Amino acid sequence: MDNGVLEEVDRLKALRDVVARVWGYEELRPLQAEAMLAGLEGRDALVVLATGGGKSLCYQAPALLREGLTVVLSPLISLMQDQIAGLAESGVQAAMLTSAQESAEKREVFQRLRSRALKLLFVSPERFIVPGFIEELAQLGLGALVVDEAHCISHWGHDFRPEYRRIGELRTLLPEVPIQAFTATATPQVRDDIVRQLGLRAPELLVGSFDRPNLTYRFLPREDEAEQVLSVIRRHPGEAGIVYCLRRTDVDDLAPKLASAGIRCLPYHAGLSAETRQRNQERFLSEEIEVIVATVAFGMGIDRPDVRFVVHAAMPKGVEQFAQETGRAGRDGAPSECVMLYSGSDYHGWRNLQERSHAEARAQGVEIDPLEAQRSLERLSEMYGFATNAICRHRFLVSHFGQEWSHAEGCGACDVCLGELRSLADAQRVAQMILSCVVRCEQRYGAAHIADVLRGASSERIRAAGHDRLSTFGLLRDKHPREIRHWIEQLVGLEHLRTAPGQYPTLSLTRTGVEVMKGQRELALFELPVPPRGKRSALPRTVTTRRTHLTYEPDGSTAARTAVTSDGAEIELTVDAALFERLRNLRRRLARERGVPPYLIFGDRTLQELAALRPTSLDDLRGIRGIGETKRADLGPLFVAEIAAHRA
Ligand code: ADP
Ligand code: ZN
């Protein structure tokens, strides 16, 4: 075997060993091995992995094996603190430097750096560009630079940060230090920008799948908002979730309604004081409350991995935003649900908001790029089309981000593929009735009026307009107005109807709408969806394991058995739900004592394995996912004792 290959095998083994020993993970996720190898071999790389893909491990593990210091640039102090606290729980010493620190604190970090006690240093970008800092790092023996959330360097990204721009100076000052950039943002424009701005040299480009197979997507027309949101929350008793609203006032309106229905929830938006926001966020992270009701101001820097559901009470203004916000669910890879409520009024709401803000800007002499204004309207229409059309949600998202969707059979994790949407049997006829009604009303009325005419409502407005004498009056008499509105929205989403901008969103036909009306074009429409009912915990009730030696009790019987699956075959075990709850309580207690969020103690998956395997000795903890050596020694005795107490 060629020497290079041999070394690569050794390096991979060393990486796997350190991941198993420190983090307790036996397997690597897709592209983690490639990213780690690039890091260890000192090659530049750009790694694009979806949220929850496990980017941090890709740079943390090589940092422990490499000679010299690894510096990680990260845009948010809270993210850095979280990582440092998490590493500390696993026995890895790391520190951070930001511009906000006291000088005593900074001095202490430098001392630890000089004594080579640290392998990983997190640095905020504005600290990084302080003159002379890079030279200081060089003296300490900088082994690699990692740029996390690297899309912040790009104007095209969604959180551009000017300080990021100057990170590229490292390349000129220390050309030999390899740079690895990480992001979840996928667009080619942003990618190219990252490579250029950082001056990456022949970077290894590692792009993972953007699909999030553990997320189940459901879109529902909004009817009774609070009731619909509650029904999602009730499907997830005791589990964490985020409810996104469009405006602050919507948050202030919805949060008390949920609270009075017995949901432990708190609001979060930019109108609350910084202290209140901080406190509410902390109470969510520490599992004191389950649900946060928020505007999009909530989310950046939230790393809680066990968010089991995200509800959009209204449609976001673009597919990117939708993907980003729903992406906060299920970072730990366990099944999670994303439900979006939408209505045509969201579409108009966003459009009016944009018009208003442009008008304000113009009044202040700011020029609005008409092309950009046009693009944001297109993004809004695209989102509305996504909401109202019945195509597989996973497929749509993956293709939106420019990847092929290869599953012919459907995803099995969206309302469309799960068969929750029934197609309307006489869609063609219904569409023709609606479209011709719009024409007969001279394309001067909005959806509510058209629906009223079609269902034959006898209102003053209709009589005054003489619309009770139209041939389309009462054609859909047997249908509920909600249904008619739902079909009209689908026709808008399919771009057979368009709505006028401004205060009165009147409906008119597009070219394809005329074709549908004349029967020259086919289409499909869907009935109002019926959401699933009942309580259903998203967390699986069984776990599979490949451990070689383990003592376990199958199905809660008292006889412990030893299974030897030396071939690494999987065995499926039932999670003891009562024990799981008990271990969660222990985790919460320990987290409070240590002043860290519970998920840094153990993830849900680890608790599930513990609640299925019911290990009785520290030895039995070996190989359980998420239990590395430090945690086994430090937390192991407490958890084993709790399990023993549960059996007694
Ligand atoms: P990202 O930054 O890509 O969104 P994270 O680095 O936060 O993702 O990782 C998401 C979760 O997955 C974390 O809880 C992390 O500990 C876990 N994780 C990462 N790699 C693995 C692995 N190989 N096996 C099991 N869990 C992993
Ligand atoms: Zn699907």
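Details of the structure are given in the entry above.
Residues numbered from 1 in each chain as written. Chains lettered and ligands numbered in written order. Predicted model: local features only at pLDDT ≥ 70, side-chain atom pairs only at ≥ 80, totals over all residues. Heavy atoms only, no water.

(A) Molecular detail of the environment of Ala524. Along the chain, Ala524 falls in the loop between helix H21 (511-517) and strand E16 (542-545). C-alpha of Ala524 to C-alpha of Ser90: the two residues are 434 residues apart in sequence and 54 Å apart in space. (Helix = DSSP H or I, 4+ residues; strand = E, 2+ residues; numbered from the N terminus.)

(B) Fine view of the packing of helix H15 (residues 370-388) against helix H16 (residues 393-400). H16 packs onto H15 with a crossing angle of 155° between their chain directions and a minimal axis gap of 10 Å. Considered as vectors, H15 and H16 are oriented roughly antiparallel to each other. Handedness of the H15/H16 crossing: right-handed. When H15 is examined against H16, the residues Glu382, Phe386 and Ala387 are found in contact with a partner set consisting of Arg393, Phe396, Leu397 and His400. A class-by-class count of the residues in the contact of H15 with H16 yields four nonpolar, one polar and two charged. (Axes fitted to C-alpha atoms, helices over the stretch in contact; angles between N-to-C directions. Parallel < 35°, antiparallel > 145°, perpendicular 65-115°, else oblique. Left-handed = near helix turned anticlockwise from the far one by under 90°. Contact = heavy atoms within 4.5 Å. Nonpolar A, V, L, I, M, F, W, Y, C, P; charged D, E, K, R; others polar.)

(C) Geometry of the side chain of Gln83. Note on placement: Gln83 falls in helix H4 (residues 77-89). When its relative accessible area of 13% is taken as the criterion, Gln83 is described as buried. Here Gln83 is in contact with Ser56, Tyr59, Gln60, Phe122 and Asp148, once residues within four sequence places are set aside. (Buried < 20%, exposed > 50% of the residue type's maximum accessible area, 1.4 Å probe, protein only.)

(D) Focus on the environment of Gly626. Relative to the helices and strands, Gly626 resides in the loop between helix H23 (604-613) and helix H24 (629-634). You can call Gly626 buried: its relative accessible area is 11%. Taking C-alpha positions, Gly626 is 25 Å from Thr216, a pair spaced 410 residues apart along the chain. Apart from the residues within four sequence positions on either side, Gly626 is in contact with Trp23, Gly24, Tyr25, Phe602, Thr606 and Lys631.

(E) Structural context of the packing of aromatic side chains. Per the stated rule, a full pass over the model turns up 12 aromatic pairs. Their ring planes at 75° and their centres at 6.2 Å tell us that Phe210 and Phe401 sit as a pair that is edge-to-face. Of this pair, Phe210 sits in the loop between strand E7 (204-207) and strand E8 (215-221) while Phe401 is found in the loop between H16 and helix H17 (427-440), placing the two residues 191 residues apart along the sequence. Given a relative accessible area of 12%, Phe210 falls into the buried group. (Phe/Tyr/Trp six-rings, centres within 6.5 Å; stacked < 30°, edge-to-face > 60°.)

(F) Representation of the pairing of strand E11 (residues 291-294) in the model. Where burial is concerned, the two faces of E11 agree: the one with Val291 and Val293 and the one with Ile292 and Ala294 are both buried. Of the strand pairs in this sheet, strand E9 (residues 240-244) and E11 are connected by four bridges, and their pairing is parallel. Pairing of Tyr244 across the sheet is with Ala294, part of E11. Taken together, the four bridges between strand E10 (residues 265-268) and E11 define a ladder with parallel strand orientation. Counted as the bridge partner of Tyr268 is Ala294 from E11. As a crossover connection, the stretch from E10 through helix H12 (residues 274-285) into E11 is right-handed. (Pairing = 2+ DSSP bridges. Right-handed = clockwise from strand over helix to strand, strands pointing away.)

(G) How the structure looks around the site of ligand 1. Among the 15 residues in the neighbourhood of ligand 1, the closest are listed as Tyr25, Glu27, Gly52, Ser56 and Arg331. Between ligand 1 and Gly54, the relevant distance is 3.0 Å, taken from an oxygen atom to a main-chain nitrogen or oxygen of the residue. Here ligand 1, which alone exposes 570 Å², has 83% of that area covered by the protein. The element that contributes the greatest number of residues to the shell around ligand 1 is helix H3 (residues 55-65), accounting for three residues. When its residues are assigned to classes, the shell around ligand 1 shows four nonpolar, six polar and five charged. (Near = heavy atom within 4 Å. Polar contact = N/O pair within 3.5 Å; in protein donor to acceptor, adjacent residues only side chain to side chain. Areas by Shrake-Rupley, 256 points an atom, 1.4 Å probe, with all protein chains shown as cover.)

(H) Fine view of the coordination of the zinc ion (ligand 2). With distances of 2.2 to 2.4 Å, the protein atoms coordinating the zinc ion (ligand 2) are Cys392 (SG), Cys411 (SG), Cys414 (SG) and Cys417 (SG). Taken together, the four donor atoms surrounding the zinc ion (ligand 2) define angles of 104 to 117° at the centre, an arrangement classified as tetrahedral. If you list the donors of the zinc ion (ligand 2) from N- to C-terminus, the spacing comes out as C-x18-C-x2-C-x2-C. Here the residue Cys392 occupies a position in the loop between H15 and H16, and Cys414 occupies one in the loop between H16 and H17, the gap between them amounting to 22 residues. Residue Cys392 shares its accessibility class with Cys414, and that shared class is buried. (Donors = N, O, S within 2.8 Å, 3.2 Å for Na, K, Ca; no water. Tetrahedral: all angles 85-135°; square planar, octahedral: opposite > 155°, others 65-115°.)

(I) Quick peek at the sheet that holds strand E3 (residues 94-97). Taking strand neighbours across the sheet as the criterion, the seven strands line up as E3-E4-E2-E5-E6-E1-E7 in an open arrangement whose pairing is parallel. Pairing within the sheet leaves two strands with one partner each, and these edge strands are E3 and E7. Ignoring strand direction, the axes of neighbouring strands in this sheet form an average angle of 20°. Docked against the sheet, helix H2 (residues 32-40) engages strand E1 (45-48), strand E6 (179-183) and E7, running at close to 160° with respect to E7.

(J) Molecular detail of the layout of surface pockets. The computed volume of the second largest pocket comes to approximately 490 Å³. Glu282, Leu285, Gly595, Val596 and Pro597 are, among the 20 residues lining the second largest pocket, the residues nearest its centre. Partitioning the lining of the second largest pocket into residue classes produces seven nonpolar, seven polar and six charged. (1 Å grid on protein atoms, 1.4 Å probe; cavity = no way out; pocket = protein on both sides within 12 Å on 5 of 7 lines; lining within 4 Å. Points joined across faces, edges and corners; volume = space filled by probe spheres on them.)

(K) Looking closely at the state of the cysteines. Scanning the model with the defined rule gives zero disulfides in all. Left without a disulfide partner, Cys338 is nearest to the cysteine sulfur of Cys414, which lies 12 Å away. (Disulfide = S-S within 2.5 Å.)

(L) A look at the pattern of salt bridges. Using the criterion set out here, one finds 42 salt bridges in the structure. Here Asp253 and Lys257 are joined by a salt bridge, their closest N and O atoms 3.5 Å apart. Taken together, the positions of Asp253 and Lys257, both in helix H11 (residues 248-260) and four residues apart, correspond to about one turn of that helix. Overall, Lys257 belongs to the partly exposed group, its relative accessible area being 40%. (Salt bridge = Lys/Arg side-chain N within 4 Å of Asp/Glu carboxyl O.)

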